[in-house]
Structure formats: C-alpha cells, structure tokens
Amino acid sequence: MGTKIRCTLCNDIIEGDGYGHLITCKCGACFIDETPYYYRAGGNPENMRIVKEDGTEQSFINEPEPKVELKRIDKVNYYLDIAETVSERSTCLDSNYGAIIVKNDEVISSGFNGSPRGVLSCIDIGHCFREKEKRGEGYSKCLSVHAEQNAIISASRKDMIGSTLYLVGKKVKTGKYVDNPEPCIVCKRMIINAGIETVVVRLDNEKTSNSYKVFYVNKWSQPDITT
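Now for a quick tour of the structure.

1. Points about the sheet that holds strand β6 (residues 48-51)
Hydrogen bonds between backbone atoms are what pair the strands of a sheet, whose relative direction is either parallel or antiparallel. Read from one edge to the other, the open sheet built from four strands follows the order β2-β1-β6-β7, with strand pairing classed as antiparallel. The open sheet is flanked by β2 (13-15) and β7 (57-59), the only strands paired with a single partner. Adjacent strand axes in the sheet meet at a mean angle of 35 degrees, parallel and antiparallel pairs treated alike. In this structure, β6 lies alongside β7, joined through three bridges in antiparallel fashion. Of the residues in β7, the one forming a bridge with R49 is S59.

Here it is in structure tokens:
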C-alpha cells in the first residue's frame, strides 16, 4: 500500500500506486507521485492530511507542541509544606506539629513536637498523658517539647531576628488540620524573645491566600501570653 492523503477541500482520499503515476484528488488540488525510489506530494499543505494505516490522520504541517503552563506554588505554602513534612516526625499521639524558621528565604531551623532526646515518647509508651485535658491546659503533664520550641533552640538568636516561623498541626486520629491553630502561651513568650517577626499557621491545604493565618508578633499583648 502506498501513501494515503485526504484532500480537505473535496474530502477525497488518494493513494500512491508505487509506479510513478500521478494520482490526483477529485478537485485536482492535491496529487501524489510515488515510486519505490521517490515520493512527491503536491498541493497546499493546509488542505492535505496524511491518512495513517489505523485510519487516524496527521497534518502535513508541523503543529506546535501544546504550551505547558507551569504553575508554581506560592512561597508561603511552599514553606508550610516543608513544615508539614517536618510534622511527620512528631511522636505525639494527639497532634502532630511541624515548624520551620525562615530568614531571607533560607530555612535556618526546624522542629517537631516530641519528647526530649533520650526520653521515651508517647509512641513508645503507647499513652498520651494529656488525653483528657482541654486544649491549652495540662501542659505540665505532657512529655513533648513543642515544635516551635525545638525550632527555636536549634537556631541562634541573631539568625532569628526578623524571621518568620511557619507552623502546621494535624490531629493524629482524623488527619485533619488543627482548628484555629496558634502557638501556646509558652511558645509565644519564646517566639517574642527569639526575635521572630511573624508566625504563619496553616488552616487547610487548598494552597490559597485564605489557607493560612499570619500573626504579627509585635501585636501580641500581655493577655496573649498569660491566658
């Protein structure tokens, strides 16, 4: 079988015979001249389609590749994603938190909530000592060092001045993000003294500007760190 061409003007399909005979379509706009040694097709390429063996068609014109639009994640959610990955190292049976501190677009430290080094964690023990406590209460019973605290003690203060702390928390049992996430009063005190400028917490994973909340540390007043 020779090469098949469809003329889009008259919709006629012509096929080269391999003997050098000039084969034209019904309207004469397209032709094929094909032998075992050469192949020639004539006509306006815009009006000609190559018919493949499986019946599909291909343009004579090299069609440009479809443009792929690269959608970049915004910088805030990029850092929150990193903090969320850090949270996966948490040893808490109630909520997994991850925190990173960023200064001049550079991650300078990270931390997750878990027991102090060398101390058995809740995962090891299989029990949460604050299980029956209300949110924000009973921290003295908890074995964990908070994610923010671990991130702060892993960086020098001169590097943290003017920095941003990104925080993500998820409930262990449901996998959902913690409602109204906010550093506890002890973490707030440490954040203030560390010189951190802003705290960003994730509300959901929609990756929009409404998916996170920003706290400006200089706006915290005495009630924020005592109640």
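2. Focus on the pattern of salt bridges
All chains considered together, the criterion is met by 10 salt bridges. A salt bridge links K207 to D81, with the nearest nitrogen and oxygen atoms 3.2 Å apart. Of this pair, K207 sits in the loop between β11 (198-202) and β12 (212-216) while D81 sits in helix α1 (residues 75-87), and the two are 126 residues apart along the sequence. Judged by its relative accessible area of 31%, K207 falls in the partly exposed class. Between K188 and E182 there is a salt bridge; the shortest N-O distance is 2.4 Å. Look at K188 and you get buried, because its relative accessible area is 3%.

Rules behind the numbers
Residues numbered from 1 in each chain as written. Predicted model: local features only at pLDDT ≥ 70, side-chain atom pairs only at ≥ 80, totals over all residues. Heavy atoms only, no water. Pairing = 2+ DSSP bridges. Helix = DSSP H or I, 4+ residues; strand = E, 2+ residues; numbered from the N terminus. Axes fitted to C-alpha atoms, helices over the stretch in contact; angles between N-to-C directions. Salt bridge = Lys/Arg side-chain N within 4 Å of Asp/Glu carboxyl O. Buried < 20%, exposed > 50% of the residue type's maximum accessible area, 1.4 Å probe, protein only.

So yeah, pure geometry; function would need other evidence.
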